[in-house]
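Analysis of the macromolecular model
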2 protein chains.
Amino acid sequence: MSDAYELVYHAGIPGRGEASTEAVFIRLFFEATGTPYVDTALTGGQSAVKPYLDGSFQGADENPLPFAPPVLKHGNVVISQTPNILLYLATHIASSVDLESGGTEGEPAAKKAKQSAMSVDDAATFHANAFAQTVLDMNNECHDTHHPIAVMKTYEEQKDAALEKAADFRSARMPKFFKHFEDNLKRSKSDFLLESGPTFADLCLFQVVDGLKFAYPKRMAKLEPEYPKLMKLYERVKEAPRIKAYLGSERRQKYSMGIFRHYPELDGDE
Amino acid sequence: MSDAYELVYHAGIPGRGEASTEAVFIRLFFEATGTPYVDTALTGGQSAVKPYLDGSFQGADENPLPFAPPVLKHGNVVISQTPNILLYLATHIASSVDLESGGTEGEPAAKKAKQSAMSVDDAATFHANAFAQTVLDMNNECHDTHHPIAVMKTYEEQKDAALEKAADFRSARMPKFFKHFEDNLKRSKSDFLLESGPTFADLCLFQVVDGLKFAYPKRMAKLEPEYPKLMKLYERVKEAPRIKAYLGSERRQKYSMGIFRHYPELDGDE
């Protein structure tokens, strides 16, 4: 399909957009592969999301109602769930992510990418998918550190539980997840999670590390030296020309009150 | 590939196995499609899991270390993450699940199934995958009602937070998830989540309803009449010959202390 890709997500407050939502994992893939995309969070305002919330969106009849944004619209196809969208993009655009070239605006990578789209006949597709899902599990657990009880209540209403949850996340969960990624990076013959080179899973891993450096700076300063392969991957992705251009652009919104939040009382060395 | 499928999971206490783990979603797919599989939780004891925890498992060199069981071994391929395993099976065995026939032990469905394995060129694959991921999100939230703070601590150590979390799950989250499924079942031209008929996503939905009926019987008794399409799907799957045979067999373990736990103090009408 040569249809345009449209990422549908809640619009942020103008000038105070929110980098730390699940949509950012999808943006990173578009940016890293040089794939043109429309990002309604930046262009469409909240009215762009409304049809997907009330079910009046256009597309093929058999498109289900999404549970929640982010939503991907591609021609007549409408799909939701972040790891599902990432897999759709990997199987339709590119199996591997080129971290060497690019950096100029709008440079199309779709043609080259299409030739090497991921296939379900390749075990690597399911290896990348498992890594991405584990990163998104960590992302969800990070969200729950400031919202352990109820997603619709404020942090302040669940602060006591948040303090406990964050302490466990810092001491038990962060090392457990990081060890999993570090062990796999040691085992891989490339500098990436898969031996075949960078995939969307590495982009997801970059993002969760970046978010945790914002949310838990004290804890990360303590942990980073223990996971040199992970931090090398983080720096490598950050310096990739297309990623670097994206991070320096207005398309990369700031962290504030999304998944990755910095509450000093939730952070700590241990 | 004609290799055998091996589901690797922790062995339960003999005679007191645990139905309510993520592995049950995978078992249901094998059972519903009549696909032969080895279930190490029943046959291999805990020693069958050890190689996947310590990384000494055999298979292709490029198989990553899993984050946690369940793990699927299929020939030289080793993959993890429940929704990822389900998608692997759907794309390798069968796109649709036959709820009409079968019921006898070991009846092979693999040949017929192979002809209609899911394809990434079909949007329905990603629709089914999104539904399955949403069901598994609900499953995870149900787990967190008794473990809102720390997965490695006991329920009793986090009971205050659990009471709050369960109250929110019952009043806000259960209706939100159920409405999503009911709305989609109303919209579908079949009695299943996808218009094309039953898929692994419907099996997942059956399982989460079954588990919630065990864990939250009061709340479910109140909610069930509000979601007639959902409950019709639940009953339809439950009565499918192969599923019925499975549920009545020793292969279907009992609920006890897994994801779906019945603590009367966490349940309630509202």
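All figures in this text were calculated on a predicted structure; none of them were measured in a lab.

1. Focus: the overall build of chain A
Each helix and strand counted, chain A has 11 helices and four strands in total. On C-alpha atoms alone, chain A measures out to a radius of gyration of 18 Å, which is about the 18 Å that the 2.2 N^0.38 rule sets for 270 residues. Within chain A, buried positions represent 59% of all 270 residues. Taking all contacts inside chain A whose residues are at least 6 apart in sequence as the whole, residues at least 24 apart take part in 73%.

2. Describing the domain arrangement of chain A
All names here are of chain A. What the domain assignment lists for chain A is domain 1 (5-115) and domain 2 (123-239 + 258-266). Placing the centre of domain 1 and that of domain 2 at their C-alpha centroids yields a distance of 22 Å. Every contact between the two is made by 20 residues of domain 1 and, on the other side, 21 residues of domain 2. When the buried area of domain 1 at its contact with domain 2 is split by residue, Ser-20, Phe-25 and Leu-99 rank highest and sum to 36% of it. Its salt-bridge partner being Glu-100, residue Arg-236 comes within 3.0 Å of it at the nearest N-O pair.

3. A closer look at the pattern of salt bridges
Residues and elements named next belong to chain B. A full pass over the atoms with the stated rule returns 24 salt bridges over all chains. Here Lys-189 ties to Glu-195 by a salt bridge, and the two come within 3.5 Å at their closest N and O atoms. Glu-195 sits in the partly exposed class, given a relative accessible area of 30%.

4. Looking at a negative patch on the surface
On the surface, Asp-61 and Glu-62 of chain A together with Asp-121 and Asp-122 of chain B cluster together into a patch of negative charge. Its place among the elements puts Glu-62 of chain A in the loop between helix 3 (50-54) and strand 3 (71-74). For Glu-62 of chain A, a relative accessible area of 45% gives the class partly exposed.

5. Digging into the sheet that holds strand 1 (residues 5-8) of chain A
All names here are of chain A. Strands sit in the order 2-1-3-4 across an open sheet of four strands; the sheet is mixed. In the strand order of this sheet, the two ends are held by strand 2 (37-39) and strand 4 (77-80), each with one partner. Here the strands of the sheet are splayed against their neighbours by 20° on average, with no regard to which way each runs. Where strand 3 lies against strand 4, four bridges are found, and the strand directions are antiparallel. Looking at the pairing, Val-71 lines up with Ser-80 of strand 4.

6. Overview of the nonpolar core
Across soluble globular proteins, nonpolar side chains have a tendency to be buried as a group. One finds Leu-89 and Leu-212 of chain A together with Leu-89 and Leu-212 of chain B to be the most contacted residues of the largest nonpolar core, which totals 154 residues. Apart from the residues within four sequence positions on either side, Leu-212 of chain A is in contact with Met-138, Cys-142, Phe-169, Met-174, Phe-178, Pro-217, Met-220 and Phe-260 of chain A.

7. Here we look at the packing of aromatic side chains
Summed over all chains, the structure comprises 22 aromatic pairs over all chains. Aromatic side chains Phe-67 of chain A and Phe-177 of chain B sit 4.6 Å apart centroid to centroid with 10° between the ring planes, which places their arrangement in the stacked category. Of this pair, Phe-67 of chain A sits in the loop between helix 3 and strand 3 while Phe-177 of chain B sits in helix 7 (residues 159-187), which puts the two residues in different chains. Exposure remark for Phe-67 of chain A: the relative accessible area of 18% places this residue in the buried category. Residue classification places Phe-177 of chain B among the buried residues on the basis of a relative accessible area of 1%. Aromatic side chains Tyr-52 of chain B and Phe-57 of chain B sit 5.1 Å apart centroid to centroid with 10° between the ring planes, which places their arrangement in the stacked category. There is no split in this pair, since Tyr-52 of chain B and Phe-57 of chain B are both buried. Within the aromatic cluster, the residues linked to one another by ring pairs are Tyr-5, Phe-30 and Tyr-37 of chain A. In this arrangement the basic side chain of Lys-176 of chain A is found over the ring face of Phe-67 of chain B, its NZ or CZ atom lying 5.2 Å from the centre.

8. Let's talk about the environment of Asp-144 of chain A
The topology assignment puts Asp-144 of chain A in helix 6 (residues 123-146). Ignoring sequence-local partners within four residues, the contact set of Asp-144 of chain A consists of Lys-165 of chain A together with Asp-144 of chain B. There is a polar contact of 3.0 Å between the side chain of Asp-144 of chain A and the side chain of His-143 of chain A.

9. Focus on the interface of chain B and chain A
By a widely used convention, the size of an interface equals the accessible area lost when the partners come together. With 47 residues of chain B at the interface, the matching set in chain A holds 47 residues. Across the interface of chain B and chain A, roughly 4,300 Å² is buried in total on both sides, 57% from carbon and sulfur atoms. For chain B, the biggest contributors to the area lost against chain A are Phe-67, Ile-149 and Arg-187 of chain B; these three give 17% of the whole. On the surface where chain B and chain A come into contact, there are zero salt bridges. The tally of links between chain B and chain A comes to 22 residue pairs in polar contact (both at pLDDT 80 or more). Those elements that place two or more of their residues in the side of chain B that touches chain A are strand 4 (77-80), helix 4 (82-92), helix 6 (123-146) and helix 7 of chain B. With 11 residues, helix 7 of chain B is the single largest residue contributor to the side of chain B that touches chain A. Of the residues assigned to the side of chain B that touches chain A, the class counts are 22 nonpolar, 13 polar and 12 charged.

The rules we used
Residues numbered from 1 in each chain as written. Chains lettered and ligands numbered in written order. Predicted model: local features only at pLDDT ≥ 70, side-chain atom pairs only at ≥ 80, totals over all residues. Heavy atoms only, no water. Helix = DSSP H or I, 4+ residues; strand = E, 2+ residues; numbered from the N terminus. Rg over C-alpha atoms; globule rule 2.2 N^0.38 Å. Buried < 20%, exposed > 50% of the residue type's maximum accessible area, 1.4 Å probe, protein only. Contact = heavy atoms within 4.5 Å. Domains from an automatic or database assignment. Buried area = accessible area lost by both parts, 1.4 Å probe. Salt bridge = Lys/Arg side-chain N within 4 Å of Asp/Glu carboxyl O. Patch = residues over 30% accessible without salt bridge, like charges linked within 9 Å, V, L, I, M, F, W, Y side chains within 5 Å. Areas by Shrake-Rupley, 256 points an atom, 1.4 Å probe, with all protein chains shown as cover. Lys, Arg positive; Asp, Glu negative; His and termini not counted. Charge placed at Lys NZ, Arg CZ, Asp CG, Glu CD. Pairing = 2+ DSSP bridges. Axes fitted to C-alpha atoms, helices over the stretch in contact; angles between N-to-C directions. Core = buried A, V, L, I, M, F, W, Y, C linked by side-chain atoms within 4.5 Å. Phe/Tyr/Trp six-rings, centres within 6.5 Å; stacked < 30°, edge-to-face > 60°. Lys NZ or Arg CZ within 6 Å of the ring centre and 35° of its normal. Polar contact = N/O pair within 3.5 Å; in protein donor to acceptor, adjacent residues only side chain to side chain. Nonpolar A, V, L, I, M, F, W, Y, C, P; charged D, E, K, R; others polar.

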